[in-house]
Amino acid sequence: MLICRMQPLDSIFKLDRLLKGPLDVNALSALWNAYHSSRSSGTGRGFVSAVIPLATYNHMVDVASKYPSFVVPIRRPKQETEEPAQNDSAYEFYFMEWGFHGAPPDPKAKVDLFAPPKPSTNPQTSTVLFTPLQEYKLRQSFATPYLVLTHYTDLAQSHGVVLMRGEITPATSGAGADDGRFMLSQEDAHLLGLSVQKFYLWGGGEDARTKLLKSFHETPAEFKWEELLEHADFPI
């Protein structure tokens, strides 16, 4: 399993302050996305964000608990030195892996330090890590995640949504990434985020994408990576 240290939601948003005033789902969504758009000196670079309905999240987690890893292709332009072919694109494969981190406590506007703890009614928080397949083959669990998607479920029961925060790893060492370079472009991070929905948000029946995910885990000898290329630009 790839290694990731998760930042708690309360270190990003002070939940007790949010809950003191009326905050509906639309306002919460606007606040969450505006916060991440303001990062990196107002450019939003290095971050992606989304607000996911609880039912959608639960659906994806049900699938991910059975099939926690996969590979997804990102289209790349062919180099001039490569031989021409009918398909004028090349592809880079990314290994993705889900991790689950327990259910956060139900947030409260006012914390009572003397109240006995109660079981959480929220679903598990989860992360999805992406790293180039070649790097994963070389370094396994020590591979560097290029993108980390964290699903915060702290407000799942109170507001019916899960907050998704995507962090792109800086290309330089240290926490600052002062030169503004990252391991992935914003566009690639967005595409990788969409791939979670593509392959884990199943519809009513089994389609080509669900078959690929199942085959990857259940019948790996029959898994054909070439078939994945047909879904590189597959709409949600």
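As the structure is a prediction and not an experimental result, all values here were calculated from the model. (Residues numbered from 1 in each chain as written. Predicted model: local features only at pLDDT ≥ 70, side-chain atom pairs only at ≥ 80, totals over all residues. Heavy atoms only, no water.)

**Student:** Would you explain the environment of proline 107 in this entry?
**Tutor:** With respect to the secondary-structure elements, proline 107 resides in the loop between β3 (89-100) and β4 (126-132). Linking proline 107 and asparagine 122, residues 15 residues apart in sequence, is a C-alpha distance of 9.9 Å. Once residues lying within four places of it in the same chain are set aside, the contact partners of proline 107 are Leu15, Leu19, Asn122, Asp154 and Leu155. (Helix = DSSP H or I, 4+ residues; strand = E, 2+ residues; numbered from the N terminus. Contact = heavy atoms within 4.5 Å.)

**Student:** It is not clear to me how the packing of aromatic side chains should be interpreted in this structure. Could you clarify?
**Tutor:** A ring pair, where both rings are aromatic, is described by two values, the distance of the centres and the angle of the planes. What the rule picks out here adds up to 13 aromatic pairs. Seen in terms of ring centroids, phenylalanine 70 and phenylalanine 199 are 4.9 Å apart; in terms of plane orientation they differ by 55°. Their pairing is tilted. Placement of phenylalanine 70 in strand β2 (residues 69-77) and of phenylalanine 199 in helix α7 (residues 186-200) is noted, with a sequence separation of 129 residues between them. Of the two residues examined, phenylalanine 70 and phenylalanine 199, each falls in the buried class. (Phe/Tyr/Trp six-rings, centres within 6.5 Å; stacked < 30°, edge-to-face > 60°. Buried < 20%, exposed > 50% of the residue type's maximum accessible area, 1.4 Å probe, protein only.)

**Student:** I would appreciate a short explanation of the environment of valine 162 in the present structure.
**Tutor:** Among the structural elements, valine 162 can be located in strand β6 (residues 161-168). Among the residues examined, valine 162 registers a relative accessible area of 0% and is labelled buried. Expressed as a C-alpha distance, the spacing of valine 162 and asparagine 58, which sit 104 residues apart in the sequence, is 9.6 Å. In this view, valine 162 contacts Ala50, Val51, Ile52, Leu54, Tyr57, His151, Tyr152, Thr153 and Ala156; residues no more than four positions away in its chain are not counted.

**Student:** Honestly, the pattern of salt bridges in this entry has me stumped. Any pointers?
**Tutor:** Two side chains with opposite charge may pair up if their charged atoms get near one another. Applying the stated rule across the entire model yields five salt bridges. Note that arginine 139 is salt-bridged to glutamate 135, the shortest N-O span being 3.4 Å. Of this pair, arginine 139 and glutamate 135 both sit in helix α5 (residues 133-139), four residues apart, which is roughly one turn of the helix. With relative accessibility at 15%, the residue glutamate 135 sits in the buried group. Counted as one network, the salt bridges with shared partners bring together Arg76, Glu92 and Asp188. (Salt bridge = Lys/Arg side-chain N within 4 Å of Asp/Glu carboxyl O.)

Geometry only, nothing functional implied.
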